[in-house]
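# Survey of secondary and tertiary structure
So the chains spell out like this:
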Amino acid sequence: MREGTFRPDRQSEGIRFAPTTPVEPDWEYLIPGRTKSARRMRDDAADIWSRTVPALVASAGLTDTQALAAVEYVMTAVQLREVNRQISADGFTVPGARGESKVRHPLLSSVPQLRMALIRLAGELGLTPSAAAKLVAPDSSEDEEDIWD
């Protein structure tokens, strides 16, 4: 725990980015393919983006400069969904490559990694309860000293 008295004049406001709303990426480019799975992943990505990013812009002041974290969050969420779908369709075990008895589904090993990445990105973006409690909403009042005017 830090000791001492809090003094607002000694606190850094951090970096300020230009207040521009992030542009939704081209999901067709990021998730190529003509398969049903690829189309479903693009639809999922667009859905997650439309539900998450506007809320982040309003609550945390997410800007276009910071959008890479949001894109990575969406891509990781979509990949985790698709892996879970595939495991659900195939089962936890699949036939072995050389005809041996059933083996553990190969995609099961990627689930913990994707979940950890998703949780980390959600924390970075303020999408977890603990991270949201630490967020400070952007000042919506007109600032006379705004460097972007």
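Now for a description of the structure that goes with this document. (Residues numbered from 1 in each chain as written. Predicted model: local features only at pLDDT ≥ 70, side-chain atom pairs only at ≥ 80, totals over all residues. Heavy atoms only, no water.)

Turning our eyes to something else, we now look at the nonpolar core. With 26 residues, the main nonpolar core has W49, Y73, V74 and V78 as its most contacted residues. Listing elements by their share of this core, those giving two or more residues are α2 (36-60), α3 (67-90) and α4 (110-125). When residues of this core are assigned to their parent elements, the largest contribution, 10 residues, is made by α3. (Core = buried A, V, L, I, M, F, W, Y, C linked by side-chain atoms within 4.5 Å. Buried < 20%, exposed > 50% of the residue type's maximum accessible area, 1.4 Å probe, protein only. Helix = DSSP H or I, 4+ residues; strand = E, 2+ residues; numbered from the N terminus.)

Glancing now at α4. Over its 16 residues, α4 extends 22 Å from the first C-alpha to the last, a length consistent with the 22 Å expected when each residue adds 1.5 Å. For α4, the full list of buried residues reads S110, V111, L114, L118, L121, A122 and L125. Looking down the long axis of α4, one finds its buried residues gathered within 105 degrees of arc, a one-sided arrangement. Facing away from the buried surface of α4 by more than 90 degrees, the exposed residues are Q113, M116, I119, R120 and E124. Two residues or fewer past α4, G126 is found with a positive phi of approximately 80 degrees. (Expected span 1.5 Å × (residues − 1). Arc of directions from axis to C-beta.)

This structure, assessed with the given rule, holds 1 aromatic pair. Ring centres of W27 and W49 lie 6.0 Å apart, and the angle between their planes is 70 degrees; on these two criteria the pair is classed as edge-to-face. You can see W27 sitting in helix α1 (residues 27-30) and its partner W49 sitting in helix α2, a full 22 residues away along the chain. Each member of the pair, W27 as well as W49, is classed as buried. (Phe/Tyr/Trp six-rings, centres within 6.5 Å; stacked < 30°, edge-to-face > 60°.)

Okay, the packing of α2 against α3 next. Orientation of α2 relative to α3, taken along the N-to-C sense of each, is 135 degrees, at an axis distance of 9 Å. Considering their axes alone, α2 and α3 lie oblique with respect to each other. By crossing handedness, the relation of α2 to α3 is classed as right-handed. The segment α2 lies against α3, with S37, R40, M41, D44, A45, D47, I48, W49, R51, T52 and V53 engaging A70, V71, Y73, V74, A77, V78, Q79, R81, E82 and R85. The residue makeup of the contact of α2 with α3, split by class, is 11 nonpolar, 3 polar and 7 charged. (Axes fitted to C-alpha atoms, helices over the stretch in contact; angles between N-to-C directions. Parallel < 35°, antiparallel > 145°, perpendicular 65-115°, else oblique. Left-handed = near helix turned anticlockwise from the far one by under 90°. Contact = heavy atoms within 4.5 Å. Nonpolar A, V, L, I, M, F, W, Y, C, P; charged D, E, K, R; others polar.)

As far as function goes, none of this settles anything; it's purely spatial.
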